[in-house]
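# Reading the structure
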Amino acid sequence: MKSEHEGAAELPFWKTKTLAEMNGSEWESLCDGCGRCCLVKLEDEDTGAIHFTDIACRLLDTESCRCRDYPNRQAFVHDCIRLTVEEVERLSWLPPTCAYRLVREGADLYWWHPLVSGDPDTVHMAGVSLRGRSVTSEEDLPEEDFPDRIVSWPNRVPKGARRRAA
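The following refers to the structure shown. Keep in mind that what you see is a predicted model, and the values were worked out from it rather than measured.

## Some points on the environment of Trp27
Relative to the helices and strands, Trp27 is located in helix 3 (residues 24-29). Owing to a relative accessible area of 11%, Trp27 belongs among the buried residues under this scheme. C-alpha of Trp27 to C-alpha of Thr84: the two residues are 57 residues apart in sequence and 9.1 Å apart in space. Setting aside chain neighbours within four positions, we find Trp27 in contact with Leu19, Met22, Leu83, Thr84, Val85, Val88 and Tyr100.

In structure tokens:
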């Protein structure tokens, strides 16, 4: 019979640690590479509501769904948010599939998350990422056209991405 301590050691870090307890490598590995947080968001001045658009940050590679210059991104994109524990607690717009949000809420990661599946392509196969979507770069549109590009899909869990039965 295993002791409680031995069983806990077999659990993955995201089930045993809070976001604040994670080391840098663990923290970075929570990002599933979907690219949803790198979509331009608009705030309604009257209500404060945040709306996603289908406009990608100028640094986002929409095929890999990764930043083209991650280490230096904040030097080029003034409103790029560096996710921290405090930011994850504060931000209301993190997508429902976001591992940072799920861990914060005490939920498990989805089957397609690379930490669960062992495959970085499952986020794309499950239809969670931006890959294959009609997304444009913020450099390709005048800012006054941004409100015309508001979409709701980044705030939804795609059908193919829902939890698989155990």
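Picking up where we left off.
## A look at the layout of surface pockets
The space that makes up the largest pocket amounts to roughly 1,400 Å³. Those elements that place two or more of their residues in the lining of the largest pocket are helix 3, strand 1 (39-43), strand 4 (66-67) and helix 6 (99-104). Among the elements that make up the lining of the largest pocket, the one with the highest residue count is strand 1 (five residues). Here the residues of the lining of the largest pocket are counted per class, giving 29 nonpolar, four polar and 13 charged.

## Quick notes on the side chain of His113
Examined against the element boundaries, His113 turns out to sit in the loop between helix 6 and helix 7 (114-117). A residue is classified by how much of its surface remains accessible, and His113, at 1% relative accessible area, is buried. Here the side chain of His113 touches Leu30 through a polar contact of 2.7 Å, landing on its backbone oxygen. A distance of 3.0 Å separates the side chain of His113 from the backbone nitrogen of Leu115, its partner in a polar contact. Non-local contacts of His113, meaning those with residues more than four positions away in its chain, are made with Ser29, Leu30, Cys31, Asp32, Ala99, Gly118 and Thr122.

## Thoughts on the pairing of strand 1
Strand direction decides the pairing type here: strand 1 and strand 2 (residues 50-56), joined by four bridges, are antiparallel. Across the sheet, residue Leu42 finds its bridge partner in strand 2, namely His51.

## Some details on the sheet that holds strand 2
Strand order in the open sheet formed by three strands is 1-2-5, and the pairing between neighbours is mixed. The sheet is open, and its two edges are formed by strand 1 and strand 5 (136-137), each paired on a single side.

## A closer look at the packing of aromatic side chains
Using the criterion set out here, one finds four aromatic pairs in the structure. Seen in terms of ring centroids, Trp27 and Tyr100 are 4.7 Å apart; in terms of plane orientation they differ by 50°. Their pairing is tilted. Residue Trp27 is found in helix 3, and its partner Tyr100 is found in helix 6; the two are separated by 73 residues along the sequence. The class for Tyr100 is buried, based on a relative accessible area of 6%. Taken together, a centroid distance of 6.3 Å and an interplanar angle of 80° make the contact between Phe52 and Trp93 edge-to-face. Placement of the pair is Phe52 in strand 2 and Trp93 in the loop between helix 5 (85-90) and helix 6, with a sequence separation of 41 residues. Classification of Phe52 as buried rests on a relative accessible area of 1%. Trp93 sits in the buried class, given a relative accessible area of 13%. Positioned over the ring face of Trp93 is Lys41, at 4.3 Å from the centre of the ring. Its end group placed over the ring of Tyr70, Arg73 keeps NZ or CZ at 3.9 Å from the ring centre.

## Describing the nonpolar core
Core analysis: the biggest nonpolar cluster contains 37 residues, and Leu19, Leu30, Tyr100 and Trp112 have the highest contact counts within it. Only helix 2 (13-16), strand 2 and helix 6 provide two or more residues apiece to this core. The element contributing the most residues to this core is helix 6, with four residues. The residues contacting Leu19, other than those within four sequence positions of it, are Trp27, Leu30, Val85, Val88, Tyr100, Val103 and Arg104.

Thresholds, definitions, all that
Residues numbered from 1 in each chain as written. Predicted model: local features only at pLDDT ≥ 70, side-chain atom pairs only at ≥ 80, totals over all residues. Heavy atoms only, no water. Helix = DSSP H or I, 4+ residues; strand = E, 2+ residues; numbered from the N terminus. Buried < 20%, exposed > 50% of the residue type's maximum accessible area, 1.4 Å probe, protein only. Contact = heavy atoms within 4.5 Å. 1 Å grid on protein atoms, 1.4 Å probe; cavity = no way out; pocket = protein on both sides within 12 Å on 5 of 7 lines; lining within 4 Å. Points joined across faces, edges and corners; volume = space filled by probe spheres on them. Nonpolar A, V, L, I, M, F, W, Y, C, P; charged D, E, K, R; others polar. Polar contact = N/O pair within 3.5 Å; in protein donor to acceptor, adjacent residues only side chain to side chain. Pairing = 2+ DSSP bridges. Phe/Tyr/Trp six-rings, centres within 6.5 Å; stacked < 30°, edge-to-face > 60°. Lys NZ or Arg CZ within 6 Å of the ring centre and 35° of its normal. Core = buried A, V, L, I, M, F, W, Y, C linked by side-chain atoms within 4.5 Å.

Purely geometric stuff here, so don't read any function into it on its own.
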